[in-house]
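Residue-level structure breakdown
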Amino acid sequence: MSTYKPIGGRILTPTFIFFSIIVAISIYFMAQRFIYGMGSVANINGGFPWGIWVVYDVIIGTGLACGGYALAFTVYVFNKGKYHPLVRPALLASLFGYALGGFGAIFDMGRWWQFYNIMLPWNWNFNSVMLEVGLCVSLYIIVLIIEFSPVFLEKIGAQGLIKVLDKVLFFFIALGVLLPTMHQSSLGSMLIIMGYKIDPLWQVMQFQPLLAVLTALIMGYSIVIFEASFSKASFGGPNETPLLAVLGKVAVGLMFAFLAIRFVVLGVQGKLGLIFAGDFSSLMFLIETALFIIPALIIALPSQRQNPSKLLIAAVSMLFAGALYRFNAFLFTYDPGPGYSYFPSVSEIMVTLGVISIEILAYLVIVKTMPVFHRGEHA
Amino acid sequence: MKRREFLKGALGTSAATVCGVMASSKTAEARPNLEVNDNAVGMLYDSTLCVGCKACVAKCKEVNDMSPVIESKLEAWDEARDLSGDTLNVIKVYKNGTAKTKDAETDGFAFEKRSCMHCVDPGCVSACPVTALEIQQKTGIITYNPDACIGCRTCMTACPYNVPQFEYDKTFGQIHKCQMCNQKGVERIDKGQMTGCAEACPTGATLFGTRKQLLEEAKRRTALKPGDIYNYPMGDLSKPDSYHEKPVPNYKDHIWGEKEAGGTNVMHISSISFDKLGMPPLEERSYASMSEGVQHTLYSYLALPAVALAGLSFVVKRNIDSDGEGGDS
């Protein structure tokens, strides 16, 4: 009784060609990176070992890929079956976001030809937050493939396999909730050991994992709203605004929790004065906070949140807020001490744009050829 | 009604997470800094003795087989300004105003050495996912194993001194850091020798010894009366090559590395305050101990994740079975 259908239509559209050109340019620079070393393409240096390839492609990219995580929570843990139609597109976007985050991690890896070392138990350092992130993300990519596999199996008509999968899928769904909770919080924990290099407004020490997992869920709910709104505009389909509005409310609720915890911790640490210090960090903090508060104002009013374009604005604002939070903590206000500065090079930016473009291209091809979108009445 | 339950659930989950992290924030104090190893080998750098000749830099490159950094056409000496994949040890200059007087904070100048401090509780070792960086139990030396390293550069972010450096200019680069001239193929310490930089230093500004000896020497010096004559040893503190007499400068009463972030086996003394010499703002508690406190609270024996997985599996299965809406088909 599947009501998921491929959208169909031409694949080779002008949009497709545009993104393909960006991918082609980025492949040129990626090749350079592998031939002449990272320094020939990226501006990372002795004080800034992590540039946009890590911070955007991996740390923010996987945050933006938390749609599948947020919806799995909603549908399977809180048993909200009516959100089910949104699950497949969200899982697909998560799968690509994470797969490309993994890919980004490989080409940012200085000794990529030895990447398998992190899979070998005798190398494991259980004190390392990076170990948790590396293993957990790898495992989650596999879980996402399994969660999304019914789509491929339906496409090729493997009914037997689908039946088998149905029996055990609950376990993978549970893993699909647990694993992102683990590694998304660990992305925050990674900041602890960087100590003074993290700006005081972002260095909340043991509260890092909590704030990180909250931003992951906020970005997750927001990206679901964002994708659903865009898919509706591009491919048509049923009006999902009432459903999305509730997700928006949840995201705003989480955002209030995030802001409350953050301000209380900063207050206890005696850092609230830094917010109005008038320097770059305080400016970034204020922009970030504004981006968090705008959606709250929109979603608080029922008339506003039922308006699809207003809801989209709220979602985009939350996406920017979550992304900016991570950018600020890991890069924009990161200060390794005197003598070091970082601004990404054009070639470095092109590689990141290429990664984003690959994601968009693959998403377009799959939703057009495979049963991802729900095309019936809602339950 | 249903929405309210949903929101309640969302809040409940957040609350549970908060509790988990609150618990972790309490027990995060559980792991203290790692213990100091008195017999660890180390170095004492006395900035007031350094004349900036950079013999240590040249010797380091010779011992470790690294090429000099040439920036100008002069090609007379190594022009490395900072640590890099080609430089494990560098001498930097502090200048203020007219820069006339050595070791004066105003209108003065001073030298400062940058190299691995060989932390007692090192961030790089704690952060490395594949155990490529290790503390050698006997010597306290922080070693690097390129065969394990994946090049993620987390060690670089976790080092408060920006010591580990990656070779960005090579197709197949690796991390480089000072290993006290004791890495495979060099093994000066195992052979009973001292580090190259300490051996080359003509003034005894870089002194080799055990942490305990060096700390005693540093305490002795900083307690001296400025202007008195002190007989400064050179080379290896346990068997100095020679001594030279010199009036005592006005030392700051601060031994860098005695306590900073759990202490270091390479220690510095100076007559200029260390923040002016570019040392980072560290407190006594190591960041590694705080990070591991949080990590082990959440992941010790994978107990919390295992319980969570069992709970989630139960809830998800019940929800899928109850209304047949799950199962994604």
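What you see is a predicted model, and the numbers here were worked out from it, not measured in a lab.

Before going further, it helps to examine the overall build of chain A. Per the secondary structure count, chain A includes twelve helices and two strands. Start at the N end of chain A and walk to the C end: the helices and strands fall as β-α-α-α-α-α-α-α-α-α-α-α-α-β. The globule rule puts the C-alpha radius of gyration for 379 residues at 21 Å, and the 21 Å found for chain A is close to it. With the C-alpha coordinates of chain A rotated into their principal frame, the extents come out at 65 × 55 × 45 Å. When each of the 379 residues of chain A is scored for burial, the buried share is 53%. Sequence separation of 24 or more characterises 82% of the internal contacts of chain A that already satisfy a separation of 6 or more.

If you tally the helices and strands in chain B, you get eight helices and twelve strands. Within chain B, residue pairs in contact and separated by at least 24 positions form 62% of the contacts whose partners lie at least 6 positions apart.

Attention now moves to the sheet that holds strand S2 (residues 89-95) of chain B. Residue and element names in this part refer to chain B. Spatial strand order, S2-S4-S3: three strands in an open sheet with mixed pairing. Looking at which strands have only one partner, the edges of the open sheet turn out to be S2 and strand S3 (101-102). As defined by bridge partners, S3 adjoins strand S4 (residues 108-115) across two bridges and the pair is classed as parallel. When the bridges of S4 are listed, Lys102 appears paired with Phe109.

Our next topic: the domain arrangement of chain A. Residue and element names in this part refer to chain A. Looking at chain A, the domain boundaries give domain 1 (11-42 + 348-367) and domain 2 (51-338). A straight line from the C-alpha centre of domain 1 to that of domain 2 covers 22 Å. Those elements giving two or more residues to the side of domain 1 that touches domain 2 turn out to be helix H1 (14-36) and helix H12 (346-369). Looking at side-chain class alone, the side of domain 1 that touches domain 2 contains eleven nonpolar, one polar and three charged residues.

For interface size, the figure often reported is the accessible area lost on association. Partitioning chain B into structural domains gives domain 1 (41-118 + 191-285) and domain 2 (286-316). Using C-alpha coordinates to define each centre, domain 1 of chain B is positioned 43 Å away from domain 2 of chain B.

Another point: the interface of chain B and chain A. Chain B puts 71 residues into the contact, and the matching count from chain A is 71 residues. Elements with a contribution of two residues or more to the side of chain B that touches chain A: helix H1 (2-27), helix H3 (123-127), helix H4 (154-158), strand S7 (165-166), helix H7 (287-299) and helix H8 (303-323) of chain B. The biggest single contributor to the side of chain B that touches chain A is H1 of chain B, with twelve residues. Taken together, the residues that form the side of chain B that touches chain A break down as 36 nonpolar, 25 polar and ten charged.

This brings us to helix H5 (residues 129-156) of chain A. Taking 1.5 Å per residue, 28 residues should reach 40 Å; H5 of chain A reaches 40 Å between its end C-alpha atoms and fits that length. The first or second residue beyond H5 of chain A is Gly157 of chain A, which carries a positive phi of 75°.

Right, let's talk about the nonpolar core for a bit. Residue and element names in this part refer to chain A. Core analysis: the largest hydrophobic core is formed by 206 residues, its most contacted members being Ile218, Val224 and Ile225. A total of 15 residues in this core trace back to one element, the largest contributor, which is helix H7 (residues 208-235). If we skip the residues at most four places from it in the chain, Ile225 touches Leu244, Leu247, Gly248, Leu311, Leu312 and Ala315.

Turning our eyes to something else, we now look at the environment of Val351 of chain A. Residue and element names in this part refer to chain A. With respect to the secondary-structure elements, Val351 resides in helix H12. Owing to 26 C-beta atoms within 10 Å, Val351 belongs among the buried residues under this scheme. A sequence separation of 49 residues divides Val351 from Pro302, and the C-alpha atoms of the two residues are 41 Å apart.

To continue, consider the packing of helix H4 (residues 87-108) of chain A against H7 of chain A. The description of two packed helices rests on the angle between their axes and on the distance between the axes. Residues and elements named next belong to chain A. Remark: H4 packs on H7, axes separated minimally by 10 Å, with the N-to-C direction vectors making an angle of 110°. By the angle between their axes, H4 is roughly perpendicular relative to H7. Relative to H7, H4 is oriented so that their crossing is right-handed. Along its contact with H4, which presents Pro89, Ala90 and Ala93, the element H7 presents Ile223, Val224, Glu227 and Ser231. Grouping the amino acids of the contact of H4 with H7 by side-chain chemistry returns five nonpolar, one polar and one charged.

A word on the confidence of the model for chain B. When pLDDT is averaged along chain B, the result is 90; 88% of the residues meet or exceed 70. Counting interchain partners and residues more than four positions distant, the pLDDT-below-50 stretch residues 324-329 of chain B has 16 contacts.

Let us now look at the sheet that holds strand S1 (residues 41-46) of chain B. Sheet strands pair by backbone hydrogen bonding; their relative direction is either parallel or antiparallel. All names here are of chain B. Pairing is mixed in the open sheet, where three strands are placed in the order S9-S1-S12. Edge strands, defined here as strands with exactly one partner in the open sheet, are strand S9 (206-210) and strand S12 (266-269). Within the sheet, the average angular offset between the axes of one strand and its neighbour, ignoring direction, is 25°. Pairing between S1 and S12: four bridges, direction parallel. Bridged to Tyr45 within S12 is His268. Along the sheet, helix H6 (residues 211-223) contacts S1, S9 and S12; its crossing angle with S9, the most-contacted strand, is approximately 130°.

On to unusual backbone geometry. Excluding glycine, a negative phi dihedral is what most residues carry, and trans is how most peptide bonds are arranged. Even without a glycine there, the phi angle at Asp103 of chain B is positive, about 65°. Within the secondary structure layout, Asp103 of chain B lies in the loop between S3 and S4.

Our next topic: the packing of H4 of chain A against H5 of chain A. All names here are of chain A. Interhelical geometry of H4 versus H5 gives an angle of 145° and a closest axis separation of 9 Å. You can see that H4 and H5 cross each other, and the crossing is left-handed. The residues of H5 that touch H4, namely those facing Arg88, Leu91, Leu92, Ser94, Leu95, Tyr98, Ala99, Gly101 and Gly102, are Val137, Ser138, Tyr140, Ile141, Leu144, Ile145, Glu147, Phe148 and Val151. Its residues placed into classes, the contact of H4 with H5 shows twelve nonpolar, four polar and two charged.

Before going further, it helps to examine the pairing of strand S11 (residues 242-247) of chain B. Residues in a regular strand point their side chains to alternate faces of the sheet. Residues and elements named next belong to chain B. Judged by how many residues are buried, S11 sits mostly at the surface: zero of six residues are covered. The pairing of strand S10 (residues 229-234) with S11 spans six bridges and is classified as antiparallel. Bridge pairing links Tyr230 to Lys246 in S11.

Residue and element names in this part refer to chain A. Along the polypeptide, Asn307 turns up in the loop between helix H10 (302-305) and helix H11 (308-332). The exposure class assigned to Asn307 is partly exposed, which follows from the 16 C-beta atoms found within 10 Å. Spatially, the C-alpha atom of Asn307 lies 30 Å from that of Thr13, the residues being 294 residues apart in sequence.

Procedures and definitions
- Residues numbered from 1 in each chain as written.
- Chains lettered and ligands numbered in written order.
- Predicted model: local features only at pLDDT ≥ 70, side-chain atom pairs only at ≥ 80, totals over all residues.
- Helix = DSSP H or I, 4+ residues; strand = E, 2+ residues; numbered from the N terminus.
- Rg over C-alpha atoms; globule rule 2.2 N^0.38 Å.
- Buried ≥ 20, exposed ≤ 12 C-beta atoms within 10 Å, placed from the backbone.
- Contact = placed C-beta atoms within 7 Å.
- Pairing = 2+ DSSP bridges.
- Domains from an automatic or database assignment.
- Nonpolar A, V, L, I, M, F, W, Y, C, P; charged D, E, K, R; others polar.
- Expected span 1.5 Å × (residues − 1).
- Core = buried A, V, L, I, M, F, W, Y, C linked by C-beta atoms within 7 Å.
- Axes fitted to C-alpha atoms, helices over the stretch in contact; angles between N-to-C directions.
- Parallel < 35°, antiparallel > 145°, perpendicular 65-115°, else oblique.
- Left-handed = near helix turned anticlockwise from the far one by under 90°.
- pLDDT = per-residue confidence, 0-100.

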